[in-house]
Amino acid sequence: MFTMGLTSFEQIAIWAVFAVAWLGLGYAIFLRSQILREDKGTEKMQEVWGAIKDGADAYLQKQLKSILPLIGVLTIALFLSVYVVPPTPEALERFEGMDESQVRLWIGLARAVAFVMGAGFSLAVGQIGMRMAVEGNVRVAAASKKSFGDALRIAYRAGTITGMLTDGLGLLGGTVIFIVLGIAAPDALLGFGFGGTLLALFMRVGGGIFTKAADVGADLVGKVEAGIPEDDPRNPAVVADLVGDNVGDCAGMAADIFESYEVTMVSGLILGLALWHITGRLEWIIFPLVVRGIGVLSSIFGTYFVRGGETGRSEDAMKAIFSGFITSAIISVAMFAVAGFFYLNNPAMNEWGGWWRMPAAVAAGVLLAILIDRLTEYFTGTHAAPVNDIKKSADTGPATLILNGVSVGFESSVWSVVVIALTIIASIFIFGTIPGVEGVERATFILYGVAMTGIGMLTLTGNNVAMDSFGPIADNANGIGEMSWSGKTDKETKKAQQIMADLDAVGNTTKAITKGVAIGSAVIAAVSLFGSFLVDVSRAQANLGVPAAEQIQALGIRVDIPQVFVGMLLGGALPWLFSSFAIQAVARAASLIVLEVRRQFKLGVLDGKVKPDYAQAVSISTTAAQKELVSLALLGIVTPIVVGLLLNVEALGGFLAGIIVSGQLLAVFLNNSGGAWDNAKKLIEDEPKDPAKNLGKGSERHKAGVVGDTVGDPFKDTAGPALNPMIKVVNLVAVIIAPIVVQYQGVTGAALVAVWVVALSLIGVLAWAVMRSKAPAPNMSASVSSVKTEPQKKKVAKKK
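Residues numbered from 1 in each chain as written. Predicted model: local features only at pLDDT ≥ 70, side-chain atom pairs only at ≥ 80, totals over all residues. Heavy atoms only, no water.

Attention now moves to the overall build of the protein. The helix and strand inventory of the protein stands at 24 helices and zero strands. Computed over the C-alpha atoms, the radius of gyration of the protein is 26 Å, within 12% of the 28 Å expected from 2.2 N^0.38 for a compact globule of 800 residues. Expressed as a percentage of its 800 residues, the buried residues of the protein come to 63%. Across the protein, contacts joining residues at least 24 apart in sequence account for 86% of those joining residues at least 6 apart. Of the roughly 27,400 Å² of accessible surface on the protein, 65% is carried by carbon and sulfur atoms. Placing the 63 positive and 65 negative side-chain charges of the protein at their respective mean positions leaves the two points 9 Å apart. (Helix = DSSP H or I, 4+ residues; strand = E, 2+ residues; numbered from the N terminus. Rg over C-alpha atoms; globule rule 2.2 N^0.38 Å. Buried < 20%, exposed > 50% of the residue type's maximum accessible area, 1.4 Å probe, protein only. Contact = heavy atoms within 4.5 Å. Areas by Shrake-Rupley, 256 points an atom, 1.4 Å probe, with all protein chains shown as cover. Lys, Arg positive; Asp, Glu negative; His and termini not counted. Charge placed at Lys NZ, Arg CZ, Asp CG, Glu CD.)

The next point concerns the packing of helix 13 (residues 398-431) against helix 20 (residues 649-685). Two numbers describe how helix 13 lies on helix 20: the axes approach to 7 Å, and their chain directions differ by 135°. Considered as vectors, helix 13 and helix 20 are oriented oblique to each other. Along this stretch, helix 13 crosses helix 20, giving a crossing that reads as right-handed. Seen from helix 13, the contacting residues are Leu-401, Ile-402, Gly-405, Val-406, Val-408, Gly-409, Phe-410, Ser-412, Ser-413, Ser-416, Val-417 and Ile-420; seen from helix 20, they are Gln-664, Leu-665, Val-668, Phe-669, Asn-672, Ser-673, Ala-676 and Trp-677. Residues that form the contact of helix 13 with helix 20 fall into these classes: twelve nonpolar, eight polar and no charged. (Axes fitted to C-alpha atoms, helices over the stretch in contact; angles between N-to-C directions. Parallel < 35°, antiparallel > 145°, perpendicular 65-115°, else oblique. Left-handed = near helix turned anticlockwise from the far one by under 90°. Nonpolar A, V, L, I, M, F, W, Y, C, P; charged D, E, K, R; others polar.)

Along the chain, Ser-662 turns up in helix 20. Each residue touching Ser-662, except ones within four places of it in the same chain, is listed here: Gly-572, Pro-575 and Trp-576.

If you check helix 19 (residues 614-647), its first and last C-alpha atoms are 51 Å apart, about what 34 residues at 1.5 Å a residue would give, namely 50 Å. Approximately 35° is the largest bend angle found in helix 19, and it occurs at Leu-629. With 25 of its 34 residues buried, helix 19 lies for the most part within the structure. With a side-chain oxygen positioned 3.3 Å from the backbone nitrogen of Ala-615, the residue opening helix 19 is Asp-613. (Expected span 1.5 Å × (residues − 1). Bend = angle between axes of the 7 residues up to and from the residue. Polar contact = N/O pair within 3.5 Å; in protein donor to acceptor, adjacent residues only side chain to side chain.)

By size, the foremost hydrophobic cluster in this structure holds 255 residues, and its most contacted members are Phe-194, Leu-503 and Phe-533. Element by element, the count of residues in this core is highest for helix 7 (residues 238-279), at 22 residues. In contact with Phe-533, not counting residues within four places along its chain, are Ile-552, Val-649, Leu-652, Gly-653, Leu-656, Ala-734, Val-735 and Ala-738. (Core = buried A, V, L, I, M, F, W, Y, C linked by side-chain atoms within 4.5 Å.)

A word on the pattern of salt bridges. Following the criterion strictly, the structure yields 26 salt bridges and no others. The partner of Arg-599 in a salt bridge is Glu-596, and the shortest N-O contact between them spans 2.9 Å. Residue Arg-599 and its partner Glu-596 are located together in helix 18 (residues 562-602), separated by three residues, close to a single helical turn. Connected through salt bridges with shared partners, the residues Lys-212, Asp-215, Asp-678, Lys-681, Asp-709, Asp-713, Lys-716 and Asp-717 form a single ionic network. (Salt bridge = Lys/Arg side-chain N within 4 Å of Asp/Glu carboxyl O.)

On to a nonpolar patch on the surface, then. Together, Ile-76, Leu-80, Tyr-83, Met-98, Leu-105, Trp-106 and Leu-109 make up a nonpolar patch on the protein surface, roughly 630 Å² of accessible area in all. If you list the elements that add at least two residues to the nonpolar patch, you get helix 2 (43-81) and helix 4 (100-143). Per element, the largest residue contribution to the nonpolar patch is three residues, and it comes from helix 4. For Ile-76, the position within the fold is in helix 2. (Patch = residues over 30% accessible without salt bridge, like charges linked within 9 Å, V, L, I, M, F, W, Y side chains within 5 Å.)

Take unusual backbone geometry next. Located in the positive-phi region is Asn-648, a residue other than glycine, with phi close to 90°. By the secondary structure assignment, Asn-648 is in the loop between helix 19 and helix 20.

Across the protein, the average pLDDT comes to 84, with 95% of residues at or above 70. Low pLDDT, under 50, characterises residues 779-800; the predicted model gives this stretch 25 contacts beyond four residues in sequence or across chains. (pLDDT = per-residue confidence, 0-100.)

A separate point is the environment of Arg-153. Along the chain, Arg-153 turns up in helix 5 (residues 148-181). Judged by its relative accessible area of 24%, Arg-153 is partly exposed. Arg-153 sits 474 residues away from Lys-627 along the chain, and the two C-alpha atoms are 38 Å apart.

With respect to the element layout, Phe-601 can be found in helix 18. Apart from the residues lying within four places of it in its own chain, the contact partners of Phe-601 are Val-221, Ala-226, Ile-228, Arg-234, Asn-235, Pro-236 and Leu-606.

It is the contact of helix 4 with helix 6 (residues 185-225), at a shortest axis distance of 7 Å, that shows an interaxial angle of 35°. Between helix 4 and helix 6 lies a crossing of right-handed hand. Split into classes, the residues belonging to the contact of helix 4 with helix 6 amount to 16 nonpolar, seven polar and two charged.

In the structure shown here, the tally under the stated rule is 23 aromatic pairs. Centroid distance Tyr-378 to Phe-379: 5.0 Å. Interplanar angle 80°. Geometry classified as edge-to-face. Residue classification places Tyr-378 among the partly exposed positions, given a relative accessible area of 41%. Since its relative accessible area comes to 2%, Phe-379 is described here as buried. Ring geometry for Phe-669 versus Phe-715: centroids 6.0 Å apart, planes at 55°, classification tilted. With Phe-669 in helix 20 and Phe-715 in helix 21 (residues 700-744), the pair connects residues that are 46 residues apart, well separated along the chain. For the pair shown, Phe-669 and Phe-715 are each scored as buried. Ring pairs connect the aromatic residues Trp-284, Trp-352, Phe-431, Phe-445 and Tyr-448, which therefore count as one cluster. Of note, Arg-292 hangs over the ring of Tyr-261, and the distance from its end group to the ring centre comes to 3.9 Å. (Phe/Tyr/Trp six-rings, centres within 6.5 Å; stacked < 30°, edge-to-face > 60°. Lys NZ or Arg CZ within 6 Å of the ring centre and 35° of its normal.)

Written out as structure tokens, the structure is:
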């Protein structure tokens, strides 16, 4: 361990955090053994479950093959990036005694290995978490025949496994890098964060396209045209829909929250290092790791406060889940204060404003998570006015229902921004009032406070991921029940179906809440990374001899400079282009699913003449998702590099500001409008069926609700969630390339020619990505028209 002047207490604290990371992973293994002991239900339930499991595994294997080549290229690029700029003073100090070429080699290897580790951990969280969610869903369906409390407990604890994996691996990776590299850790942490964020983007985009292509296609033909229930086993797209819930909401969201967890830690440690230069104190670096360890313990305790009785409804489940969240929050805040008092309460830290400032900033982050939780539940929950107003607007058709949902999404974006703005203002009050700290130093302290707010916000990552995974687990359990119990009308089955429907409705709200937290954390993390960007640019300028008064931290990002304003406009536009391509991909694939389901219905699937071919819909969704993975990721990777090379580093700063503001507003709008439409539809479905009064399933009001839901599906499950990792990919790329841009800004001669060649080549890559995203997937139309069901194949064989 590189001690870098750590006290014996600090060394013990670091190793204790390392042990807590392993404790989180051990708790995940313990919960796994609990879940696997639960009953898997009837043979029919296990048959449906097996089809979902096989489809999800096949998709993730194909996805991994699609992204590995780009991961390999970027690993080499990150290794070589350290040879373009001089080593940092921290790297030279860490590897004292080595010459500069040796230091570059070690830092390059550390960054590349950390990138692979971040990508691997993100992949593990997504894939293992999804597989445990699949193991849980059939057991939740079986438990629903016993009691409401058992079904709730299994669903939440199956989700907690993913939460503990996120906590444990995120904390383990950051701690190991710090133990090995000490003050040079930020060089590698950037690679660690970038790897996790890039994998999250892949899994979010691919999973989101898969799940919503199947969902939209299944709903439009099944519910609207044929009038059959949501998870009717006769619908050929129903298994693809259930598979999509796992690859999108479980694997995608788990990786998304994991990378947010990583990135807030990365930005906190980079800014903590900047404060170490100012104050000479290591507490700014050590305390964020301690906070993360406290969060793991608090999430474990909170798990046992989520419980229900023999009977219950959706409001009881929501109350139980929120009680677990609040319990973890209270424990966390109390432990922050205790840790801060005993560790930070010393004369040296009191010179820099007192021990209470860091715990207060972290507590503000926990409060932000709770406020976003409540705000999102208000706009998307089934018991609040917005969703009930949307439900009422179904009386006059789909147009007014969609307009009402759009207005709800717009309003929710505004209040979300207000809450985040107030949190940043709180950081200004906490860290901007330290006596004797002015100018650039004051700004660095404030940005550190914002980073600590982000760390606090994701302290309860275990709870957040459990809440998110609860959604698809309950949804899949409901689907397994519907497909397995089709035609049964006994009292026990009806009771189980009601329990599943109630948990499914709660799952929609918990998914929306978690997405709201993920979006909020993305903005906070992006603001923190923006601070890291300013710090790194100033240090690169200082290495080139630029006076302190002329460095970017002193001058700021001035929007009255045309290049900066252009950068801001481009940054603001990127989330809209990205969302457009993601939704287009869903629309194209959903159209093919619609055609396929209609074709199978014409063959007599609805009448039982032939069996539905579930594999074809899975294949269509998989092909559509794989096609978009690399091209959409390249938009986030290449665009900031082009802006930096062609418009200079200040314009790159403007680009980051634009994408943070625009991306936040758009992501919240997409998430909350989609969630509100979905729950409005479920409220209509819960009405007593009465065609004469236009109530319940199959009514015109229900059809209007389904239309709203299908419009909202790619909003809330594809484009909206994918914006979170995309924003952070852009910010991390900007932080990594900023010193390179500074190094080659204003060059002439051959160096200028080389810069332009690289920039034009990257523009060509962007053009390819745009054209690929707009092109139809190869051979998909042919595959839809040429596929034959088993009866057709038998007829062909007889003719031969």
